[in-house]
Structure formats: structure tokens, C-alpha cells
Amino acid sequence: MADKKNLLLLFDHPTEPVFMDKAKTVFDVPDSFLTDRYRPISNEVQSRAGEQVEQRIPVRDISIPDLRIPMSLGRDEQFSLFLPKHRRIAGRLIDIFMNMRTVDDLQSVAVYARDRVNPVLFNYALSVALLHRPDTQGLDLPSFSQTFPDRFIDSQVMRQLREESFVVQPGSRMPITIPRDYTASDLDPEHRLWYFREDLGINLHHWHWHLVYPFEASDRSIVAKDRRGELFYYMHQQVIARYNAERFSNNLARVQPFNNLRDSIAEGYFPKMDSLVASRAWPPRFENTKLSDLNREADQLNVEIGDLERWRDRIYEAIHQGFVMDERGNRLALDEATGIDTLGNMIESSILSPNRVLYGDLHNNGHTFISYAHDPSNKHLESFGVMGDVSTAMRDPVFYKWHSYIDRIFQEHKSRLPAYTDAQLNYSGISITGIQVAANGGQPNTLTTFWQQSDVDLSRGFDFLPRGNVFARFSHLQHLPFTYTININNDGGAQRFGYVRIFMAPKNDERRQPMLLREQRLMMIELDKFVVSLNPGPNTIRRRSTESSVTIPFERTFRNLDANRPTTGSPEELEFNFCGCGWPNHMLIPKGLPEGLQCDLFVMVSNYENDRIDQQLVGRCSDAASYCGVRDRLYPDRQSMGYPFDRLPRTGADRLVNFLTPNMSIVDVTIRHDNRTVPRQN
Ligand code: CUO
């Protein structure tokens, strides 16, 4: 029987023929599986590829399902989930992989497909299948940045990495440094945000999030995860909140939503990356580009800006009427309980949308329109820009304008819900008497950020080159780890349980004026959420920043599989792959300013009895649940995502300080940026 782990080797060296060696292993590919170029010389190529191998994996010759639809996308075309045609193609390939009866058969069809279908499509469809097939649980998908490094780093660095691995023996190779900021000069104010937009970990998180929450599949259960529409809203809302805090950390005003689709987009973006698969540069977008109607025969795309505007208007109408109309003409209320989830699926849109004819496909098409703004009619045979792919979209300043706009629509709904009452917020008998945050040996209530250099091995993504590790060295934001100390008083006579929620937001707006809560709430960044048990009387809770329910550790972001790996066979190992989703811990805290960015740190203890979801979470990778949920489980919090800041504050609570009930507290925190670079100590 085939070992399911071997399937992971199919991700390595994605454009090389499948019979080439991977990690000292080769697949013994049946001659009939070889492509036309290699079949006549099978002996020659297969034995050459196997010269230095230690393991040969037999591949059974089975009858292969019809792959014509997956093969209709060219091997050297760019694949995008935002294109309906590509989604259908991917859906077909996912079905084929999901329907193979055994791991053996899956291995055969995957080996056959690998040299015939588009490599990025192959990676995506196989990843989704491995995540969702019951017999392939617990596999560690390699980091997408290792398999397709060309989507994450400068093409000049790619060339140097190639030279290093061709000329120098493994063991003597030097890491190649990715320049700190290579995509623009300081003349572009937006460029100050390069470290956020181009961060490898952030882009990996986004790619992984969309892998875990696909919006289309013919097996509905792959899409229909608990509260996935709401999570789409919330995870992206938090990205915008975080981005705005970074803007304040760079003396920039908050991002302006792209709310008039006929306006030109002031910001340009020149990615300076070459696609390995397409052998073409990722197209740039010049400053002041306007969107145009899309008519691209090759993509089966014929959509007008007017369509987007119509969908938008209908969505607003539904929000203002308080219900949506499903395909059979039934009214679905946009209520407090499920309204946001319905809207999430409708606006994104996913196949769970109640009515795609009426409400269309607004958000996905926004990505497509923007990504094709340079060649809307395919006149120049150009592919899409970085906005067209979830692994690259966050690099572009326009991503944040688009998602701010999408968020504005969600907020229109949220602003119509009744404000939380005192009773819905308070936890009677429980009060917070003090909060402090401090880094080890640091000043209280001061957080410190700096730059760090880390190495990642990209060798699995380098094709047609000698084997062996090849490292890129990149700079990223980092902060000193810190600890929260929270004093909580339990006035009752019995032990009680609390759900602690920690948020942070800048105190002042871009004019350095204190913010009203109705604005500040949109900038609240979730930092952590956890359960505590409270004995009668005073309690002191300590919690480390590395335990955050939002983030995953550096090693997991980059899938450094030797580090932090749960022991084989442990329950934790089972869901390790889901663990690839999570905000990167090195980006937990915004950069701050050299002179200090003033923030409010907010802590709330709510009644866990009201919030709890009873389910077993051991080994479920629940440690980054705030933005990623928990695999095959309910979202582990009954409250709306973003509670208590997801709605407008009650009358009288104009400022955060007036919002506080006894179970909440705030403290002034300063984020100081120390402009120095330190190497990572392993
Ligand atoms: Cu994640 Cu627009 O949904 O990029």
C-alpha cells in the first residue's frame, strides 16, 4: 500500500517531470504515464533521474479518469481562483482527487496528472484533497513559499539563488539576502508599508486561509464550514485594522476605501517578480489606472463595471431591508445571529451565497477587475497582476483599498444591529483591578519592535538545478516577547470561568486627535482570547504573547518541519497541517514609532458560560482559532467575531473609557520602534 507521505513529494520541483528525483527518492512511473517527449526514451530518462536515489516508490498503472477539463488550462498559464473558469477547472480536479478510492489510486492519478496539468492548479487541487480526504489526514503540506518561491521574492534574488545552487556544493552555500525594500523608492509614500505588504508570513497566512476556506467545490461540505462567511468578513476586517495601525506607525493616514469603481486607482504597484510557471513577469499597475469592463475570451470573462455596481446596490438594499432573497424567492433575515455569515458568503461570494444571480460575485470580481486593469480585453495577451492570486494579493496597496471597501459594506450591516447593552457586556461579580504588559526586563506597558533577519530554505521550488538546501535571508518586523499580567477579582463565593479577550488600537487618529469609539472600534486588533478559571477573591493571570490565539510560531508559518514538530502519532500531529493557518507571530504587534505610538490595550473578561462551545479540541490545532477557526469543529466562541467591538457602542459610550463595564479595563501602552536589525538565533 502506498505511504500517504509520498504524496507530499509531488509538491517538490513543481515544473520538473515527475520522474526526476525528489529528496533522494523517485517515483517509478509506468511508461504509459510519461508524456510524449519522454515515453520513447523512458529507460534513459528514468535511470538517469535515479542515479543518486535511496528510495524508489512504485506507482500502479491504473486506468486514469478523464482529465480533459483540468488539462484545458495550459501548463504555462497563470492560475487564479478568482476566475470562474479556473474555479470550475480546479473543482473538477479536486473531485477527481477526492473520489479516488485509495491512497494508492490517488498516488497514481496524481503522478499522471502532475506532468499534464498546470503546476499551480495541481498544487492547489492536491492540497485541498489532502486536507479533506479522511485517509490523508495529518500530512504536513510544504510551505507554499518553498514550492513557489517566485511568488514571494524578488526575481533578482531568484537568479542569485540559482547561481549559488548551480556553482556551490550544498553545505558551502551562502544564504542570499533579499533586499529590505526593493519594490519602490521612498518617493512613494505607500512604500513605507513594504514590510507588511510583502511579508512572507502574512502572504502565506492569506494563501493558507483561502486554502482552508475555499469558496467553491462540488462537494459542498468542503466549503460549508462553521461560520465561514463571518470568518471571511472578520479575518479580512482584522487585516485592515492591522494595516491601518501600521499606517499610523508610518505617519500615514488610514487607507481610503476604493468606493467608486469608476475612479482611477492612484497607487501603482510594480511587483518585480517573475512567475516560474508562466515564465513571465507579474504585470505591474501604473499609477492612476482605471478599471475597465472585462472582455477576455480566453478566460471566458465578460463582466462590466455596471454588473459590480448592480450587485453592490442590491447588497446594500438587502442590508437596509434587513433580509436577502434566496433563489426561490424566500426571505432570509439578516439578523443578529446569522446575518453576517450570510452576507460574508454573499459578498465574497462563495457557493453558500443565498442567491448568486441577484447578489453576484462582488469581492472576487473586484480582485479580477483590478488584476486585469492593464489588459482588460487581453489585447496584449497579458495575464493578471498580483491582485489576481491569494498568495500575492496582499503585496499590492490596492488590496487594502478594495478590502476596506468590502468591509464598509459589512459595517453597514453591523451598524444597523442593536448596540450591546450593559447586561450583554457585563459579568456581574467579576471585575478587573489591574493590567500590565511587559517584555522580560523591559519597562512596563512599553512594547518594542525591531527588524530581524531570518533564513528560509527554498530548494524544493528550484527546478532543473542541482539538489541541496538553498537559503534566502529576509528581513521582517519582530517584537520583544511580552507577558500580560491581569488582576481579576471574583466577588462570588464560588469558582467561575471567564473568557479573556484582549484587543489593542491606536489612541489617536491621523491628526493626532483622540478617536471616538465609533472609529476606534474599527481599528481594534485582536491580540488574544483564552479561558481562565477564577477563584473567589483576587486572581492574578499571566499570559505570554507567544500563546496568542491569533498567531502561529515562525517555524509553523514556514513549515520548518524539523522544529516544533509534534511527536509522531500524537493527537497534535494529526491536524498539524491546519496549523499552517494563522497570523505570523512576528507580526503580532504593529511597528510603532521611534518616539512611541500611543495605544489603548483593552482587556475584557466575559462569562464563559455564555460564550463556550462544548467540543473536544485536543490536537485540533486550535491555537490560532481567532482568524482560522478549528478544523472540523465549531468556531470556539459563541459571540459574534470581533465582540464587543463589532457593533456601534451604546448611547453614551462615545469614548472607550465610557464603554467600560467593571469586567473590562484599559491601559495605555506605547509601541516603540527600535530601528536596528538583529539576526535570528536558532
Ligand atoms: Cu482574501 Cu480578497 O479575499 O483576498
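What you see is a predicted model, and the numbers here were worked out from it, not measured in a lab.

Chemist: Would you mind going over the domain arrangement of the chain in detail, with residue names and values included?
Modeler: Each assigned domain of the chain is listed here: domain 1 (4-138), domain 2 (149-179), domain 3 (189-416) and domain 4 (422-459 + 473-679). The straight-line distance from the C-alpha centre of domain 1 to that of domain 3 is 31 Å. The partner domain 3 presents 31 residues to the 29 residues of domain 1 that form the contact. Between domain 1 and domain 3 lies a buried interface of about 2,400 Å² when both sides are counted; carbon and sulfur atoms form 64% of it. Together, Gln78, Phe82 and Arg87 form the three largest contributors to the area buried by domain 1 at its contact with domain 3, with a combined 34%. In this structure, the connection of domain 1 to domain 3 is made through two salt bridges. One salt bridge in this structure joins Glu216 and Arg87, with 3.3 Å as the shortest N-O distance. Where domain 1 packs against domain 3, one counts nine residue pairs in polar contact (both at pLDDT 80 or more). Residue assignment for the side of domain 1 that touches domain 3 shows that the elements contributing at least two residues are helix 3 (84-99) and helix 5 (119-132).

Chemist: Any details on the environment of Arg328? Residues and values, ideally.
Modeler: Note on placement: Arg328 falls in the loop between strand 10 (323-325) and strand 11 (331-333). Judged by its relative accessible area of 71%, Arg328 falls in the exposed class.

Chemist: Any chance you could break down the sheet that holds strand 15 (residues 482-490) for me, citing the residues and the numbers?
Modeler: Overall, antiparallel pairing links the three strands, which are arranged 12-15-18 in an open sheet. Taken across any chain shown, the strands that pair with only one partner, and hence form the sheet edges, are strand 12 (430-439) and strand 18 (537-544). Along the sheet, successive strands turn relative to each other by an average axial angle of 15 degrees, direction set aside. Examined bridge by bridge, strand 12 and strand 15 share nine bridges and lie antiparallel to one another.

Chemist: So what's going on with the UniProt feature "domain: Tyrosinase copper-binding" (unreviewed entry) in the chain? Which residues, and what values?
Modeler: When the UniProt feature table is mapped onto this chain, "domain: Tyrosinase copper-binding" (unreviewed entry) is found at residues 396-407. Secondary structure across residues 396-407 divides into 92% helix and 0% strand, with the first and last C-alpha atoms of the span separated by 17 Å.

Chemist: An account of unusual backbone geometry is needed here, citing residue identities and associated values.
Modeler: If a residue is not glycine, its phi is most likely negative; likewise, a peptide bond is most likely trans. Residue Glu348 is joined to Ser349 through a cis peptide bond whose omega torsion reads -10 degrees. Here Ser349 lies in the loop between helix 13 (339-348) and helix 14 (356-359). The omega angle of the peptide bond from Tyr643 to Pro644 is 10 degrees, so this bond is cis rather than trans. With respect to the secondary-structure elements, Pro644 resides in the loop between helix 22 (625-628) and helix 23 (656-659). Even without being glycine, Lys24 reaches a positive phi, approximately 60 degrees. The partly exposed category is assigned to Lys24, whose relative accessible area is 46%.

Chemist: Please provide a residue-by-residue account of helix 16 (residues 397-414), values included.
Modeler: The end-to-end C-alpha distance of helix 16, which contains 18 residues, comes to 26 Å, matching closely the 26 Å that a straight helix rising 1.5 Å per residue would cover. Counting buried positions along helix 16 gives 16 out of 18 residues, so the element sits mostly inside the fold. For helix 16, the N-terminal cap is Asp396; the gap from its side-chain oxygen to the backbone nitrogen of Val398 is 2.9 Å.

Chemist: A description of the nonpolar core should follow, citing residues and the corresponding values.
Modeler: Among the nonpolar cores identified, the biggest contains 121 residues, and Ile486 and Leu601 are the most heavily contacted of them. A total of 11 residues in this core trace back to one element, the largest contributor, which is helix 11 (residues 228-248). In terms of domain composition, this core takes at least three residues from each of domain 3 (189-416) and domain 4 (422-459 + 473-679). What Leu601 contacts, discounting residues up to four positions off in sequence, is Ile435, Val437, Tyr484, Ile502, Phe503, Met504, Leu527, Ser665, Ile666, Val667 and Val669.

Chemist: I'd like a rundown of empty space enclosed by the protein, residues and numbers included.
Modeler: Tallied over the full model, the rule gives 11 cavities of 30 Å³ or more. Of the pockets and cavities examined, the largest cavity occupies roughly 130 Å³. Around the largest cavity, the lining is made up of 15 residues, and of these Ile178, Trp194, Glu198, Leu200 and Ser475 lie nearest the centre. Only helix 8 (194-197) and strand 14 (471-479) provide two or more residues apiece to the lining of the largest cavity. Broken down by element, the residue count for the lining of the largest cavity peaks at three residues, all from strand 14. Classifying every residue of the lining of the largest cavity by side-chain character gives nine nonpolar, two polar and four charged.

Chemist: Describe the packing of helix 12 (residues 305-321) against helix 16, naming the residues involved and giving the relevant values.
Modeler: With their axes 9 Å apart at the nearest point, helix 12 and helix 16 run at an angle of 20 degrees to one another. Relative to helix 16, helix 12 is oriented roughly parallel. Seen along the crossing, helix 12 lies across helix 16 with a hand that is right-handed. Along its contact with helix 12, which presents Arg312, Ile315, Tyr316, Ile319 and His320, the element helix 16 presents Tyr405, Arg408, Ile409, Glu412 and His413. Split into classes, the residues belonging to the contact of helix 12 with helix 16 amount to five nonpolar, two polar and three charged.

Conventions used here
Residues numbered from 1 in each chain as written. Predicted model: local features only at pLDDT ≥ 70, side-chain atom pairs only at ≥ 80, totals over all residues. Heavy atoms only, no water. Domains from an automatic or database assignment. Contact = heavy atoms within 4.5 Å. Buried area = accessible area lost by both parts, 1.4 Å probe. Salt bridge = Lys/Arg side-chain N within 4 Å of Asp/Glu carboxyl O. Polar contact = N/O pair within 3.5 Å; in protein donor to acceptor, adjacent residues only side chain to side chain. Helix = DSSP H or I, 4+ residues; strand = E, 2+ residues; numbered from the N terminus. Buried < 20%, exposed > 50% of the residue type's maximum accessible area, 1.4 Å probe, protein only. Pairing = 2+ DSSP bridges. Axes fitted to C-alpha atoms, helices over the stretch in contact; angles between N-to-C directions. UniProt positions renumbered as here; feature names shortened; annotations may be inferred. Expected span 1.5 Å × (residues − 1). Core = buried A, V, L, I, M, F, W, Y, C linked by side-chain atoms within 4.5 Å. 1 Å grid on protein atoms, 1.4 Å probe; cavity = no way out; pocket = protein on both sides within 12 Å on 5 of 7 lines; lining within 4 Å. Points joined across faces, edges and corners; volume = space filled by probe spheres on them. Nonpolar A, V, L, I, M, F, W, Y, C, P; charged D, E, K, R; others polar. Parallel < 35°, antiparallel > 145°, perpendicular 65-115°, else oblique. Left-handed = near helix turned anticlockwise from the far one by under 90°.

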